[in-house]
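Notes for the structure review
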Amino acid sequence: MENFWVHSTLKYRRTFSNLLTFLRTTMDFFDYSNKLKPKAGRLLVSEPYLPDPNFERTIILLCENNDEGTVGFILNKPSLSKLGELIQDLKQFENPVDIGGPVQQDTLHYIHSCPNIDGAVEVVDGIYWGGEFDQLISKLETGQLQSSEIKFFLGYSGWSPGQLEEELKLNSWIVSGQVSKELIFETEPELMWKKTLQEMGGRFSMYSNYPVDPTMN
């Protein structure tokens, strides 16, 4: 009888231990806390039901993050404008122009994959921000830079010092380090948010399947 109770107690302890392990693993799987810190060259992925219409299901490439604040560009928010419609001297260019964010939407910005542009800043391997505009246009005209290797933006997304960190504490954003040329320059805008979360794996792949309307879940 004593051996029976010892055996039962050990079995109970093992079962309880396995249950605790399962619960810890499950809680970790669904933990929404960001593990990565925001910095230039990383992505901000909006949480599935972020209430701000400016950033609903958006992917933002961070190009600057320092004591003066944060600057980035929405990668998956097309506008109806073409480059040639915005700049009269460039009427021959049919390059689409995206909405980079709600700040200063009367300004033009660009990211590209050309390393030989004066003043361009490499934000992540092979992906550059800005640079001499006339030089950039010259490379487009001569075929040294393909239209598929550049994205133009009206406006940008900006945060004052400490603002983005506060939004991260509220789990408004997920930070991803999985940046690639394929994602930025080749992925269709309507697929980018879901694709990014799926590639992050784990609980994030589950978020990618959340319906746009939570009442439909």
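Here is a short report on the structure shown in this document. (Residues numbered from 1 in each chain as written. Predicted model: local features only at pLDDT ≥ 70, side-chain atom pairs only at ≥ 80, totals over all residues. Heavy atoms only, no water.)

**A closer look at the environment of Asn 54**
Applied cut-off: A run of H or I in DSSP counts as a helix once it spans at least four residues, and a run of E counts as a strand once it spans at least two, with each numbered from the N terminus. Only protein chains enter the calculation, and the probe is 1.4 Å; a residue is then buried if its accessible area is under 20% of its type maximum, exposed if over 50%, and partly exposed in between. The contact criterion used is simple: two residues touch if any of their non-hydrogen atoms lie within 4.5 Å.
Relative to the helices and strands, Asn 54 resides in the loop between β1 (43-46) and β2 (59-66). On the accessibility criterion, Asn 54 (32% relative accessible area) is partly exposed. When the C-alpha atoms of Asn 54 and Lys 77 are compared, they prove to be 9.3 Å apart, with 23 residues separating the residues in sequence. In contact with Asn 54, other than residues within four places in its own chain, are Ile 74, Lys 77 and Pro 102.

**Section: the pattern of salt bridges**
What counts is decided by this rule: Salt bridges are identified by distance alone: a Lys or Arg side-chain nitrogen within 4 Å of an Asp or Glu carboxyl oxygen.
Scanning all chains against the criterion turns up four salt bridges. A salt bridge links Lys 195 to Glu 182; the nearest nitrogen and oxygen atoms lie 3.6 Å apart. With Lys 195 in helix α6 (residues 189-200) and Glu 182 in helix α5 (residues 181-186), this residue pair connects regions lying 13 residues apart in the sequence. In this structure, the salt-bridge partner of Lys 195 is Glu 199, at a minimum N-O distance of 3.1 Å. Placement of both Lys 195 and Glu 199 in helix α6 is noted, with a separation of four residues, approximately one turn of the helix. Take Lys 195: its relative accessible area is 22%, and that puts it in the partly exposed class.

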